[in-house]
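In case you want the letters, here they are:
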Amino acid sequence: MTRPARVVVVGDVITDVVAVLSGPLAAGSDTGAEISIGGGGQAANTAAWVAAQRVDVTLVGAVGDDDAGRDRVAELERAGVDCAIERVEGVATGTVIVLATDGERTMVSQRGANLRLTAAHVERALAAVPDAGHLHLSAYTLLDAGSRDAGLRALAAARERGLTTSVDAASAAPLRRVGAAAFLSWVRDVDLLLVNADEATVLAGGLDPAAQGRALSATARRVVVKRGGAGAVWVDRTAAVRVAAARRVAVVDVTGAGDAFAAGLLTAWLAGATPAAALSRATDLGALAVSTVGARPQP
């Protein structure tokens, strides 16, 4: 395998307030929890995990001109991420409250400055990294109308520059709101589409994972269906199907697990790994992520 060229990740930068609940949420009352505050956002998390694999990575996104935005950028830079971050006056940096329990997590989101990411900023950021070889897009950028032009421009500009492309489908609920047909038209012919089980069902219906992957491969050249504790499935247009089992670890917090998985998959695949080897690396990093609190690699 070879060292991958620079990866450009486009999408959200968030402050995560993570509450790992001691038991079921007691609505209208109190529930004990371990609470932490730190960096989050699908794109920012993925970029941090890519940097942890010693691959050059640039994050393109937007934060508010506030303390939270400055903190988020500083911690990403300490993690080895090159930040092409737009600071937006008068808008708060995005924040997500994450309630984690029993291997699941529920998120309450304020998108904040992420909604103000512009196509012009994406264009400038890509022009500044001539050594880039791949662009990875968090679909939250497409799913929010305010940032959609930036997401579409990112994919178009990457193709114009000869970069390979990947998209993480992000989240099932906003996918339902925009509709499968619209989303699939936006990501047509990307080199790699990552979906979890719920997102795959929204986009391809209630089929088995391999069939979902085959259906989605009409849009993307390669599809990976992430199935959590059940592993993952890789499908490409040659009809090849690869299946990886999940690693058995004690689950502490699933926040960021999909982002770690994406980073492992991308860095291995871009280095020339086979689908089976790329899936294996992805499941390794996903398992590492769920075994600790928070969405980022531990220092």
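In what follows, the structure referred to is the one given above.
Please read all numbers here as calculations on a predicted model, not as lab measurements. Each chain has its residues counted from 1, running along the sequence as written. Totals for whole chains, interfaces and linings use every residue, but because this is a predicted model, local features are given only for residues with pLDDT of at least 70 and side-chain atom pairs only at 80 or more, for both listing and counting. Only hydrogens and water are set aside; all other atoms, that is, all heavy atoms of the structure, feed into the side-chain values.

(A) Representation of the overall build of the chain in the model. Counting its regular elements, the chain contains 11 helices and 13 strands. Here the radius of gyration uses the C-alpha set of atoms, whereas the globule reference equals 2.2 Å times the residue count to the power 0.38. Against the compact-globule benchmark of 19 Å for 299 residues, the chain has a radius of gyration of 18 Å, which places it among compact chains. Projected onto its principal axes, the C-alpha coordinates of the chain cover approximately 55 × 40 × 35 Å. Counting every position in the chain, which comprises 299 residues, the buried fraction comes to 54%. Pairs of residues are marked as contacts when any of their non-hydrogen atoms sit within 4.5 Å. Long-range contacts, defined here as pairs at least 24 residues apart, represent 70% of the contacts in the chain between residues at least 6 apart. All accessible areas in this document rest on Shrake-Rupley with a 1.4 Å probe, and a residue is counted as covered only by the protein chains that are shown. Summing over all exposed atoms, the chain offers an accessible surface of approximately 12,300 Å²; the carbon and sulfur share of this is 51%. Of the side chains in the chain, 29 bear a positive and 31 a negative charge, and the two mean positions are spaced by 6 Å. Helix numbering and strand numbering both begin at the N terminus, where a helix is a DSSP run of H or I of at least 4 residues and a strand a DSSP run of E of at least 2. When a residue's accessible area, from a 1.4 Å probe over protein chains only, is under 20% of the maximum for its type it is buried; when over 50% it is exposed; and in between it is partly exposed. Note that His is not counted, nor are the chain ends; the positive residues are Lys and Arg, and the negative ones are Asp and Glu. A charge is said to be at NZ when it belongs to Lys, at CZ for Arg, at CG for Asp and at CD for Glu.

(B) Representation of the sheet that holds strand β7 (residues 104-110) in the model. Strand pairing is assigned whenever DSSP detects at least two bridges linking the two strands. Ordered in space as β3-β2-β6-β7, the four strands form an open sheet in which the pairing is mixed. Here the strands that pair on one side only, and so sit at the sheet edges, are β3 (33-40) and β7. Sheet twist, expressed as the mean angle between neighbouring strand axes with direction ignored, is 20 degrees. When strand β2 (residues 14-21) meets β3, the two strands line up antiparallel, connected through eight bridges. Bridging across to β3, V17 finds its partner in I37. Note on geometry: axes are lines fitted to C-alpha atoms, helical ones only across the stretch in contact, with angles between N-to-C directions running from 0 to 180 degrees.

(C) Representation of the nonpolar core within the structure. Among the buried residues, those of types Ala, Val, Leu, Ile, Met, Phe, Trp, Tyr and Cys that are joined through side-chain atoms within 4.5 Å form a nonpolar core. By size, the foremost hydrophobic cluster in this structure holds 48 residues, and its most contacted members are V10, L135, V167, F183 and V195. The biggest single contributor to this core is helix α5 (residues 148-160), with five residues. Counting residues in each nonpolar core, the second largest holds 24 residues, with A44, W49, V57 and A263 among its members.

(D) View of the packing of helix α8 (residues 197-204) against helix α9 (residues 209-216). The interhelical angle for the contact between α8 and α9, taken along N-to-C directions, is 55 degrees, at an axis separation of 10 Å. Regarding the angle of α8 to α9, the classification is oblique. The interaxial crossing formed by α8 with α9 has left-handed handedness. Residues A197, A200, T201, L203 and A204 of α8 touch α9, and the partners they reach there are Q212, A215 and L216. Residues were grouped as follows: Ala, Val, Leu, Ile, Met, Phe, Trp, Tyr, Cys and Pro as nonpolar; Asp, Glu, Lys and Arg as charged; and all remaining residues, including Gly, as polar. Here the contact of α8 with α9 is composed, by residue class, of six nonpolar, two polar and no charged. The scheme is simple: roughly parallel for angles under 35 degrees, roughly antiparallel for over 145, roughly perpendicular for 65 to 115, oblique for anything else. Crossing handedness follows the turn of the near helix against the far one: under a right angle anticlockwise gives a left-handed crossing, and clockwise gives a right-handed one.

(E) Representation of empty space enclosed by the protein in the model. Cavities and pockets were defined on a 1 Å grid built from protein atoms only: a cavity is a group of points that admits a 1.4 Å probe but offers it no way out, a pocket is an open group of points flanked by protein on both sides within 12 Å along at least five of seven lines, and a lining residue is one with an atom within 4 Å of any such point. Grid points are joined across faces, edges and corners, and a volume is the space filled by probe spheres set on the points. For the structure shown, the criterion picks out one cavity of 30 Å³ or more. Estimated volume of the largest cavity: approximately 40 Å³. Surrounding the largest cavity, G11, D12, G61, A62, R111, N114, L117, T141 and S147 form its lining.

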